[in-house]
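Listed below, chain by chain, are the residues.
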Amino acid sequence: MSKKKKQGTNLLYDMIAEASAYDDVIVMGRGDPDFDTPAHIVDAAKDAMVNHHADYSPPEGLLALREAIAERVKRVNNIDVDADTEVVVTNGGQEALFLMVVAANGPGDEMIVPEPNYTTYADSLAFAGGVKVEVQAFAENDFRADPADVRAAVSDESRSLLLVSPNNPAANVISPEDMREMLGIAIEHDLIVLADDIYDLFVYDDFEHLSPASLPGGKERTLTLNALSKAYSMTGWRLGWIVGPADLMARVRELKAAISGGTSVISQYAGIAALTGPQDAVEMMAEAYRRRRRLVLDALDEMGMAYGVPQGGQFVFADISFTGLDSGELAQRILSEQHVLAYPGSAFSKDRKDYLRMTFLQPEEKLREGLERMKVAMADIMAERQ
Amino acid sequence: MTSKTKRDVLEKHRDNANLNAPSPAQVMFSQNDLGADGLIRPLDERIIAATVEALESGQTHYVDVPGIAPLRDAVADYLREFSGAAYEQGNIVITAGMQESRFLTIQMIGAQFDSIGVPEAVHPGARKALGTRARKVATLPVDASAGYLSSVESVDAAVAGGCRLLFLESPSRLSGAVYSGEQVAAIGEIVNEKDGAVIWDQGLAPWVDGDYASLAAQDGEAARVATIGEAFPGMGLASWFIGFIAAPEAWVAPMQSQKQIQSICTSTASQYGALEASQLFGAARGQQLASLRQIRSRLSQLASEGDLDVLRGAAANIIALRMESGSEAALATLRAAGYEATDGAFFGAPDVVRLNVTNTTADALRALV
Ligand SMILES: Cc1ncc(COP(=O)(O)O)c(C=O)c1O
């Protein structure tokens, strides 16, 4: 079967379409947790349909939800925000991301982006007419972006610095020490920091997540996004937020009003239940991801794949250069031959053709089966090379 | 903190008049808030049941970017049956509400044209969408006596002047005025001749009393028209933020890419709610329209008895008044009596106030008389 060479999101959509045609497919591609949303959150949505279905919500969101968010970012991230003026609720982390990038960057402005990174950042920056300045990181350093490289990337046009920690796809967590240095660079060169904390509840081993907005001098120049999608298995609800200093947030609010107006109140009430209700489901899911991560890493070790140790998040980004195949070809073969969907690194960056992204977002039995099938595919590929 | 970067960012935004255009609230705050775009309506139990069933059966994950297939079908069916426009599933993008529909069409279709023509009186959401990225805008004059629509002559002049993309509302979101079948045919011809395109907001069309002419239903026009609106209005989903775009497939592609970039997909609860609403819409709309029509004709009578100048409008869900003393004085009077109305100045018509047609509107009108 010959396939036209496609790139980025289109390539992924073709692969997703192919995957959905296989009854026995094992999906280790899309960043969509396999768990359904916890029942008490669905119940809260039902209650909202009965009692609050026509509630008025301003573009920035219901105050009760903004208060729950303010409490959450204080408790988890040590960021102090005023629920009235410093929180905007969004259609998922994705809308938060787009708003944040467009609020901070205009035509010709440079955004410094540690790579690899979540590609929507580049797409959003392109909408704004900004220019991406890449700082590369690699598997051998567990994808640590070196603050010295970030400093070297600063120019007169630099406007913002993107810090996604834990990262997608690289799963790196910026260490507290590096984070302090990154913020120092931002202060020294007067950059706006765009922080993406969406995976902040998933940090492994002894690694530590630190929000730049919690540091002295951080909050006043930092927009921080988060969402319920990953932590509460709520990807379909489209609920996220941005917190930041009141002056920048007033602009974010206007942009939100211009891009989509408000956010569904049903999702917002579900969000209040998620943030203020029992947290045991989150802990259960986090524990499952810890176990699955171990499972995946052990299997990759067996296959002889090098990878950046995932310090956080829900992925592993593995080096497949030893196969001699381009990641697109490799991912396609694993999909067609073994019905396992993993994402090619080339979907994240043209410089990452040697990588494959796998998620931990399948039940353990399935994950095990998927990894066994990958071993078969890899063995076949390596046998052909002999 | 003295941050030059931040000062620059804030100034750039502050100077962006389009982006900062004040806008009506999207949903009524209370029964006395007659100024919001969305009405408080009861929610049918069947909509709740179907939505809960979807959520409980695990529809809590990402879904297709342009929307779930059955809802796209339902919107295409609705447009075909209701306004005769030949759209299919592949032409439909489900959005997170009317403003996302405006934003995606104005920015993504807009990117394929040099400039966009926008009536001088238009819903401010259109201006806000324009403010997110610099666009060359041609302002089309409007005719107050025609309910603030731009005349066919103004459309012709703009297109002849090289502006090949237009944003038009019918019904007008300010007055409820609609283009007649003849006018719609003329607009179609003008646009066709210059290989132009139109973003056509027909969100208020379900409330039109009598015949409604949709531009996309004109011969051959569906290929150059993007039709936008709320998905199944009046069904109690205003706060669920669900809208649609219907457009030729070549335009769907860039809008779908941008939808992925800005929100991945639309909330599943809203989509399954709208899907059930699509089943109930036909019957519910008939009843609502009859009741709105009755209330509105009483309001018109009240207004004429009180010497108030009612703008020409065919949509039964709103009534707009031209106030000689300007909108501000009228709004202050209404507010003193406990009512909110829409400030026409937000739309570009500073002597107009708009009121939603509900059971409380008559009392509000009495305060103005
Ligand atoms: C780093 C990062 N930020 C933001 C998002 C957006 O997530 P959502 O819109 O589902 O909340 C994602 C989704 O994969 C992500 O990986």
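Residues numbered from 1 in each chain as written. Chains lettered and ligands numbered in written order. Predicted model: local features only at pLDDT ≥ 70, side-chain atom pairs only at ≥ 80, totals over all residues. Heavy atoms only, no water.

Visitor: Is there a simple way to think about the confidence of the model for chain A in this case?
Guide: Low-pLDDT stretches of the model should not have their predicted coordinates read in fine detail. Overall, the prediction assigns chain A a mean pLDDT of 95, with 98% of residues at 70 or greater. Low pLDDT, under 50, characterises residues 1-5 of chain A; the stretch is placed with 6 contacts to residues that sit more than four places away or in other chains. (pLDDT = per-residue confidence, 0-100. Contact = heavy atoms within 4.5 Å.)

Visitor: Looking at this structure, how should I read the domain arrangement of chain A?
Guide: One frequent convention defines the size of an interface as the accessible area lost when the parts assemble. Residue and element names in this part refer to chain A. For chain A, the assigned domains read domain 1 (8-30 + 281-379) and domain 2 (55-276). Listed as interface residues are 24 residues of domain 1 and, on the opposing side, 30 residues of domain 2. In this structure, the connection of domain 1 to domain 2 is made through 1 salt bridge. Between Asp 205 and Arg 293 there is a salt bridge, with its nearest N and O atoms 3.1 Å apart. (Domains from an automatic or database assignment. Salt bridge = Lys/Arg side-chain N within 4 Å of Asp/Glu carboxyl O.)

Visitor: Please clarify how the site of the ligand should be interpreted in this entry.
Guide: In the vicinity of the ligand there are 15 residues, among which Gly 93, Asp 196, Ser 229 and Arg 238 of chain A together with Tyr 62 of chain B approach most closely. Close to the ligand, residues of chains A and B are found. Note that an oxygen atom of the ligand is positioned 2.7 Å from one of the backbone N or O atoms of Gly 93 of chain A. Starting from 400 Å² of accessible surface for the ligand in isolation, the protein chains cover 98%. (Near = heavy atom within 4 Å. Polar contact = N/O pair within 3.5 Å; in protein donor to acceptor, adjacent residues only side chain to side chain. Areas by Shrake-Rupley, 256 points an atom, 1.4 Å probe, with all protein chains shown as cover.)

Visitor: Where do I start with the sheet that holds strand 3 (residues 110-115) of chain A in this structure?
Guide: Backbone-to-backbone hydrogen bonds pair the strands of a sheet. The strands run either parallel or antiparallel. All names here are of chain A. Read from one edge of the open sheet, 7 strands run 2-8-7-6-5-3-4, paired in mixed fashion. Only two strands of the sheet have a single partner each, and these edge strands are strand 2 (87-90) and strand 4 (131-136). In this sheet, adjacent strand axes meet at a mean angle of 20° when their direction is disregarded. As defined by bridge partners, strand 6 (residues 192-196) adjoins strand 7 (residues 222-227) across 4 bridges and the pair is classed as parallel. By the bridge assignment, Val 193 is partnered in strand 7 with Thr 222. Most of the contacts of helix 8 (residues 246-259) go to strand 2, to which it runs at about 25°, and overall it touches strand 2, strand 7 and strand 8 (240-243). (Pairing = 2+ DSSP bridges. Helix = DSSP H or I, 4+ residues; strand = E, 2+ residues; numbered from the N terminus. Axes fitted to C-alpha atoms, helices over the stretch in contact; angles between N-to-C directions.)

Visitor: I'm lost on the domain arrangement of chain B in this one. Help?
Guide: Residues and elements named next belong to chain B. What the domain assignment lists for chain B is domain 1 (4-43 + 282-368) and domain 2 (59-279). Computed from C-alpha atoms alone, the centre-to-centre distance between domain 1 and domain 2 is 21 Å. Contacts between the two partners involve 41 residues from domain 1, matched on the other side by 39 residues from domain 2. Here domain 1 meets domain 2 over a buried area of about 3200 Å², counting both sides, of which 58% is carbon and sulfur. At the junction of domain 1 with domain 2, the criterion picks out 1 salt bridge. Between Asp 209 and Arg 293 there is a salt bridge whose closest N-O contact spans 2.9 Å. Linking domain 1 with domain 2 are 16 residue pairs in polar contact (both at pLDDT 80 or more), by the criterion used here. (Buried area = accessible area lost by both parts, 1.4 Å probe.)

Visitor: Even after reading the chapter, I still don't get the packing of aromatic side chains, so can you show me in this structure?
Guide: Under the defined criterion, the tally for this structure stands at 19 aromatic pairs over all chains. Measuring from ring centre to ring centre gives 6.3 Å for Phe 98 of chain A and Phe 103 of chain B, while their planes differ by 75°; the resulting arrangement is edge-to-face. Of the two residues, Phe 98 of chain A sits in helix 4 (residues 92-104) while Phe 103 of chain B sits in helix 4 (residues 98-109), which places them in two different chains. We classify Phe 98 of chain A as buried; its relative accessible area is 0%. On the basis of an interplanar angle of 55° and a centroid distance of 5.7 Å, the ring pair of Phe 143 of chain A and Phe 317 of chain A is categorised as tilted. Remark: Phe 317 of chain A occurs in strand 10 (residues 315-319) and Phe 143 of chain A occurs in the loop between strand 4 and helix 6 (147-153); sequence separation between them is 174 residues. (Phe/Tyr/Trp six-rings, centres within 6.5 Å; stacked < 30°, edge-to-face > 60°. Buried < 20%, exposed > 50% of the residue type's maximum accessible area, 1.4 Å probe, protein only.)

Visitor: Before we go on, may I ask you to explain the interface of chain A and chain B in this structure?
Guide: Facing 63 residues of chain A, the contacting portion of chain B comprises 59 residues. Buried area between chain A and chain B, summed over both chains or domains, comes out near 5000 Å², and the portion from carbon and sulfur atoms is 60%. With its nearest N and O atoms 2.9 Å apart, the salt bridge here joins Glu 254 of chain A to Lys 128 of chain B. Across the chain A-chain B interface, the total number found is 32 residue pairs in polar contact (both at pLDDT 80 or more). The element best represented in the side of chain A that touches chain B is helix 8 of chain A, accounting for 8 residues. When its residues are assigned to classes, the side of chain A that touches chain B shows 26 nonpolar, 19 polar and 18 charged. (Nonpolar A, V, L, I, M, F, W, Y, C, P; charged D, E, K, R; others polar.)

Visitor: For this particular structure, what's the right way to read the packing of helix 10 (residues 327-336) of chain B against helix 11 (residues 361-368) of chain B?
Guide: Residues and elements named next belong to chain B. Closest axis-to-axis distance for the helix 10/helix 11 pair is 9 Å, and the angle between their directions is 120°. The orientation of helix 10 relative to helix 11 falls into the category oblique. For the crossing formed where helix 10 meets helix 11, the hand is right-handed. From helix 10, Ala 330, Thr 333 and Leu 334 reach across to helix 11, where they touch Ala 364, Ala 367 and Leu 368. Taken together, the residues that form the contact of helix 10 with helix 11 break down as 5 nonpolar, 1 polar and no charged. (Parallel < 35°, antiparallel > 145°, perpendicular 65-115°, else oblique. Left-handed = near helix turned anticlockwise from the far one by under 90°.)

Visitor: Before we go on, may I ask you to explain the sheet that holds strand 10 of chain A in this structure?
Guide: All names here are of chain A. Judged by pairing direction, the sheet is antiparallel, and its 4 strands sit side by side in the order 9-10-13-12 without closing on themselves. The outermost strands of the open sheet, each flanked by one partner alone, are strand 9 (306-307) and strand 12 (343-344). Alignment of strand 10 against strand 13 (residues 355-359), held across 5 bridges, turns out to be antiparallel. Bridged to Phe 317 within strand 13 is Arg 357. Of the strands in this sheet, strand 12 and strand 13 touch helix 11 (residues 327-338), which is tilted by about 45° from strand 13.

Visitor: Help me understand the pattern of salt bridges, please; the structure alone is not making it clear to me.
Guide: Per the counting criterion, the structure on display carries 42 salt bridges over all chains. Between Arg 333 of chain A and Glu 337 of chain A there is a salt bridge, and its shortest N-O distance comes to 2.7 Å. Of this pair, Arg 333 of chain A and Glu 337 of chain A both sit in helix 11, 4 residues apart, which is roughly one turn of the helix. On the basis of relative accessibility, which here comes to 38%, the residue Glu 337 of chain A falls in the partly exposed class. Arg 366 of chain B is paired through a salt bridge with Asp 363 of chain B; the nearest N and O atoms lie 2.8 Å apart.

Visitor: Before we go on, may I ask you to explain the nonpolar core in this structure?
Guide: A general trend in soluble globular proteins is that nonpolar side chains are found buried together. Leu 166 and Phe 232 of chain B are the most contacted members of the largest nonpolar core, which totals 211 residues. No other element matches helix 10 (residues 280-303) of chain A, which puts 12 residues into this core. Contacts of Leu 166 of chain B, omitting those with residues within four sequence positions, involve Gly 117, Leu 140, Val 155, Ala 158, Val 159, Val 191, Ala 197, Val 198 and Ile 199 of chain B. If you look at the next biggest cluster of nonpolar residues, it comprises 25 residues, including Ile 319, Leu 321, Leu 331 and Ala 341 of chain B. (Core = buried A, V, L, I, M, F, W, Y, C linked by side-chain atoms within 4.5 Å.)

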